[in-house]
Each structure stands twice: as structure tokens, then as C-alpha cells.
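# Descriptive analysis of the structure
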Amino acid sequence: MVQLRVMTDDAALGEEVLAVLVPLLRACTALRVGEPTRLTHRGGGLRVVLDVQPADPSPVRVERVTPPDSPRRRARAALPPRTGRT
């Protein structure tokens, strides 16, 4: 699990940063962002943890494509057709 932490002794500044940071992270389609968890801090201030994970990648299928004018394609075309013998 990956965590981002916002930690500061100035609670007001931390809240301002969170107000900008959380919407930006949630707008990123490459990430999945959990709810901010507020931690206690003896001396005041702000301690917040966000769980962040990569978004589930969509399956990608890659096929090898041989251009029509490639030497490999021409070499295969030049071979005689295969007979029934193995």
C-alpha cells in the first residue's frame, strides 16, 4: 500500500493544501485515491494520510504487425505451398 502524508504544525495551511490536493488526485484517472484519514497529533497541527494506488489498467492486446513490403513477408511469399507430408 502506498500512502501520501500531509503533515504540518499549521493546521490552517494543511487544510488549504488538502483542499487543493485531494481533488487533483481524484481527477487523475491513473490513480485510485482513498478517503483522507486524520491522525491525532499531540501538539496540534495536522496529520492526514491518503491511500493511493494505480488504477486498474485496462487489458491491452499487442499484436505483431509485419509491414507488407518487409523482407520477411516477401521471403515467406516466395516459398512454395506446403504439401500434406510432414
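Everything below is about the structure shown above.
Here goes a summary of the coordinates provided. Note that this is a predicted model, so its numbers are computed, not measured.

### Describing the pattern of salt bridges
In this structure the tally under the stated criterion is 4 salt bridges. Its salt-bridge partner being Asp-9, residue Arg-47 comes within 3.5 Å of it at the nearest N-O pair. One end of the pair, Arg-47, is in strand E4 (residues 46-54); the other, Asp-9, is in the loop between strand E1 (2-8) and helix H1 (11-27), with 38 residues separating them in the sequence.

### Some details on the nonpolar core
By size, the foremost hydrophobic cluster in this structure holds 9 residues: Val-6, Leu-18, Val-22, Leu-25, Val-33, Leu-46, Val-48, Leu-50 and Val-52. For this core, the elements supplying multiple residues, two or more each, are H1 and E4. Discounting chain neighbours no more than four positions away, the residues touching Val-33 are Leu-25, Arg-26, Leu-50 and Asp-51.

### Side note on the pairing of E4
Examined bridge by bridge, E1 and E4 share 7 bridges and lie antiparallel to one another. When the bridges of E4 are listed, Val-2 appears paired with Val-52. Sheet topology note: the strand E2 (residues 31-33)/E4 ladder contains 3 bridges and is antiparallel. By the bridge assignment, Arg-32 is partnered in E4 with Gln-53. Taken together, the 2 bridges between strand E3 (residues 37-38) and E4 define a ladder with antiparallel strand orientation. Among the inter-strand pairings, Arg-38 is bridged to a residue of E4, identified as Val-48.

Reading the values: the criteria
- Residues numbered from 1 in each chain as written.
- Predicted model: local features only at pLDDT ≥ 70, side-chain atom pairs only at ≥ 80, totals over all residues.
- Heavy atoms only, no water.
- Salt bridge = Lys/Arg side-chain N within 4 Å of Asp/Glu carboxyl O.
- Helix = DSSP H or I, 4+ residues; strand = E, 2+ residues; numbered from the N terminus.
- Core = buried A, V, L, I, M, F, W, Y, C linked by side-chain atoms within 4.5 Å.
- Buried < 20%, exposed > 50% of the residue type's maximum accessible area, 1.4 Å probe, protein only.
- Contact = heavy atoms within 4.5 Å.
- Pairing = 2+ DSSP bridges.

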